[in-house]
Amino acid sequence: ETVDFPCYADRYPVEMLEYLRLMMMTEEDTRGKELADFDFSRTISPANEAAVLQSVVEAVNYQLDLYPQSEEDDANIIKDKGLFRLLTYNQRMAVRHRRNEKRLLKRTLAALEKQMRNKGLDVDGLKRAEGSTLGDVLKGETRKQKTALEDRLEKM
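Residues numbered from 1 in each chain as written. Predicted model: local features only at pLDDT ≥ 70, side-chain atom pairs only at ≥ 80, totals over all residues. Heavy atoms only, no water.

**Overview of the overall build of the protein chain**
Item 1. Of the regular secondary structure elements, the protein chain holds seven helices and zero strands.
Item 2. Listing each helix as α and each strand as β along the protein chain from the N terminus yields α-α-α-α-α-α-α.
Item 3. Burial statistics for the protein chain: of 156 residues in total, 35% are counted as buried.
Item 4. The long-range share in the protein chain, meaning contacts at least 24 apart out of those at least 6 apart in sequence, stands at 64%.
Item 5. Looking at the protein chain as shown, the accessible area adds up to about 10,100 Å², and 52% of this sits on carbon and sulfur atoms. (Helix = DSSP H or I, 4+ residues; strand = E, 2+ residues; numbered from the N terminus. Buried < 20%, exposed > 50% of the residue type's maximum accessible area, 1.4 Å probe, protein only. Contact = heavy atoms within 4.5 Å. Areas by Shrake-Rupley, 256 points an atom, 1.4 Å probe, with all protein chains shown as cover.)

As structure tokens, this is what we get:
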């Protein structure tokens, strides 16, 4: 079964990130703790966040691979005025729309790769949560990590 989320050029729906953080949890992250103890609106661990973003990269690449021709092929069709005029209005609009979808997907990939680099998630050996429900603050993030006391008080 699949779950669909909208795609933007430079950001992702919060619900998608929360869903993927849950789906990418491992035993190393939970260490026997209940999933309900974790706040999926925060980064669980660097390794979990890297897996989340990598899964989005893979999904975007999969969508790009579904197109039978490249963005450049579509651009060449549009540039060839003689050929482009032979197409019906709907066919011309379809070619433009298809090229714009590919552009959006490529921009999304670029934004994901930049985000992974900026947060230091493009390396091997990232740590897991190991049962900590506090979450992690990654490089470049401005939010403050909650203390264990704040976490307990919030749950009361």
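**Describing unusual backbone geometry**
Item 1. The phi angle at R31 is positive, at roughly 45°, despite the residue not being glycine.
Item 2. For R31, a relative accessible area of 51% gives the class exposed.

**A short note on the layout of surface pockets**
Item 1. If you add up the space inside the largest pocket, you get close to 730 Å³.
Item 2. Taken together, 25 residues form the lining of the largest pocket, with V3, F5, M16, A59 and Q63 sitting closest to its centre.
Item 3. No other element matches helix 3 (residues 46–65), which puts six residues into the lining of the largest pocket.
Item 4. Across the lining of the largest pocket, the residue classes tally to 17 nonpolar, four polar and four charged. (1 Å grid on protein atoms, 1.4 Å probe; cavity = no way out; pocket = protein on both sides within 12 Å on 5 of 7 lines; lining within 4 Å. Points joined across faces, edges and corners; volume = space filled by probe spheres on them. Nonpolar A, V, L, I, M, F, W, Y, C, P; charged D, E, K, R; others polar.)

**Things to note about the nonpolar core**
Item 1. Counting 18 residues, the largest nonpolar core has Y12, L53, V56, V60, L112 and L121 as the members making the most contacts within it.
Item 2. Of all the elements in the fold, those that place two or more residues in this core are helix 1 (14–23), helix 3 and helix 6 (89–118).
Item 3. Top element by residues in this core is helix 3. It accounts for seven residues.
Item 4. Contacts of L121, omitting those with residues within four sequence positions, involve P46, E49, A50, L53, M116, L126 and L138.
Item 5. Ranked by size, the runner-up nonpolar core spans five residues in total, among them M25, F38, F40 and I44. (Core = buried A, V, L, I, M, F, W, Y, C linked by side-chain atoms within 4.5 Å.)

**As for a nonpolar patch on the surface**
Item 1. Residues V3, Y19 and M23 make up a contiguous nonpolar surface patch of roughly 260 Å² in combined accessible area.
Item 2. With respect to the element layout, V3 can be found in the segment before helix 1. (Patch = residues over 30% accessible without salt bridge, like charges linked within 9 Å, V, L, I, M, F, W, Y side chains within 5 Å. Salt bridge = Lys/Arg side-chain N within 4 Å of Asp/Glu carboxyl O.)

**Considering the side chain of E71**
Item 1. Take E71: it is sitting in helix 4 (residues 71–79).
Item 2. Those residues in contact with E71 that lie beyond four places of it in its chain are R99, K102, R103 and K106.

**So, the packing of aromatic side chains**
For any pair of aromatic rings, the description rests on two quantities: the centre-to-centre distance and the angle between the ring planes.
Item 1. As enumerated under the stated definition, the model contains two aromatic pairs in all.
Item 2. Measuring from ring centre to ring centre gives 6.0 Å for F5 and Y19, while their planes differ by 45°; the resulting arrangement is tilted. You can see F5 sitting in the segment before helix 1 and its partner Y19 sitting in helix 1, a full 14 residues away along the chain.
Item 3. Taking the relative accessible area as the measure of exposure, Y19 reaches 31% and is therefore partly exposed.
Item 4. Taking the centre distance of 6.4 Å and the plane angle of 35° together, the rings of F38 and F40 count as tilted.
Item 5. Its relative accessible area of 7% is what places F38 among the buried residues.
Item 6. The class of F40 is buried, set by a relative accessible area of 14%. (Phe/Tyr/Trp six-rings, centres within 6.5 Å; stacked < 30°, edge-to-face > 60°.)

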